[in-house]
Amino acid sequence: MFIQFVQFETTLTEAEVMAIAEERAPQFRAIEGLVQKFYLKLDKPNHYGGFYIWASREAMAAFRQSELARTIPSAYRVVGAPDVDIHELLFPLRDDAALGDEAA
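Rules and cut-offs
Residues numbered from 1 in each chain as written. Predicted model: local features only at pLDDT ≥ 70, side-chain atom pairs only at ≥ 80, totals over all residues. Heavy atoms only, no water. Pairing = 2+ DSSP bridges. Helix = DSSP H or I, 4+ residues; strand = E, 2+ residues; numbered from the N terminus. Core = buried A, V, L, I, M, F, W, Y, C linked by side-chain atoms within 4.5 Å. Buried < 20%, exposed > 50% of the residue type's maximum accessible area, 1.4 Å probe, protein only. Contact = heavy atoms within 4.5 Å. Axes fitted to C-alpha atoms, helices over the stretch in contact; angles between N-to-C directions. Salt bridge = Lys/Arg side-chain N within 4 Å of Asp/Glu carboxyl O.

Draft legend 1. Focus on the pairing of strand 1 (residues 2-10). Sheet topology places strand 1 next to strand 3 (residues 47-54); eight bridges connect them, and they run antiparallel. Within the sheet, the bridge partner assigned to Q4 lies in strand 3 and is Y52. Pairing between strand 1 and strand 4 (residues 78-88): eight bridges, direction antiparallel. In the sheet register, E9 faces strand 4, and the bridge partner there is V79.

The following block contains the structure:
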């Protein structure tokens, strides 16, 4: 599995960011190979992020080439280029069932 951590600054308010995230969530739920996505509010004002868990490098690469991925900067009015870190997951502390229970 692979982890993708995206951080960005926006000109939007928190309420606007939340509305866009909720509106686009069904599209993310439909992505094959996306195990989980966490929406994040970062410590700096107007900074948000996404923490993605991918089933494979191929699933992550396919998403990064998709229209949905390409529209993230415009949808969220991202200032500058987002920071993107990608890491291979060695193992989870808890099993998938526990992750699903906590995320609900």
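Draft legend 2. Quick peek at the nonpolar core. Of all hydrophobic cores here, the largest spans 21 residues; its most connected members are F28, I31, Y52, W54, F63 and Y76. Broken down by secondary-structure element, the contributors of at least two residues to this core are strand 1, helix 1 (14-29), strand 3, helix 2 (57-64) and helix 3 (67-70). No other element matches the four residues that helix 1 contributes to this core. When neighbours within four sequence positions are excluded, F28 is seen to be in contact with L34, K37, Y39, Y52, F63, L68 and I72.

Draft legend 3. Structural view of the sheet that holds strand 3. Taken together, the four strands give an open sheet; going across it, the order is 2-3-1-4, and neighbouring strands pair in antiparallel fashion. The sheet is open, and its two borders are formed by strand 2 (34-41) and strand 4, each paired with just one other strand. Averaged over all pairs of adjacent strands, the angle between their axes in this sheet comes to 15 degrees, without regard to strand direction. Its contacts with the sheet put helix 1 on strand 1, strand 2 and strand 3, and the angle it makes with strand 2 is roughly 175 degrees. Packing of helix 2 onto the sheet brings it into contact with strand 1, strand 3 and strand 4, and relative to strand 1 it is tilted by some 25 degrees.

Draft legend 4. Structural view of unusual backbone geometry. Positive phi outside glycine occurs at N46, with the angle close to 65 degrees. When its relative accessible area of 38% is taken as the criterion, N46 is described as partly exposed. Positive phi values are uncommon outside glycine, yet R77 reaches one of about 50 degrees. With respect to the element layout, R77 can be found in the loop between helix 4 (72-75) and strand 4.

Draft legend 5. Looking closely at the pattern of salt bridges. Scanning all chains against the criterion turns up two salt bridges. A salt bridge links E14 to K41; the shortest N-O distance between them is 2.8 Å. Taken together, the positions of E14 in helix 1 and K41 in strand 2 put the pair 27 residues apart, joining distant regions of the chain. Residue K41 is classed as exposed on the basis of its relative accessible area, which comes to 56%. Between R70 and E67 there is a salt bridge; the shortest N-O distance is 3.4 Å. In this pair, R70 and E67 both sit in helix 3, three residues apart, roughly one turn of the helix. The exposure classification of R70 matches that of E67, with both residues exposed.

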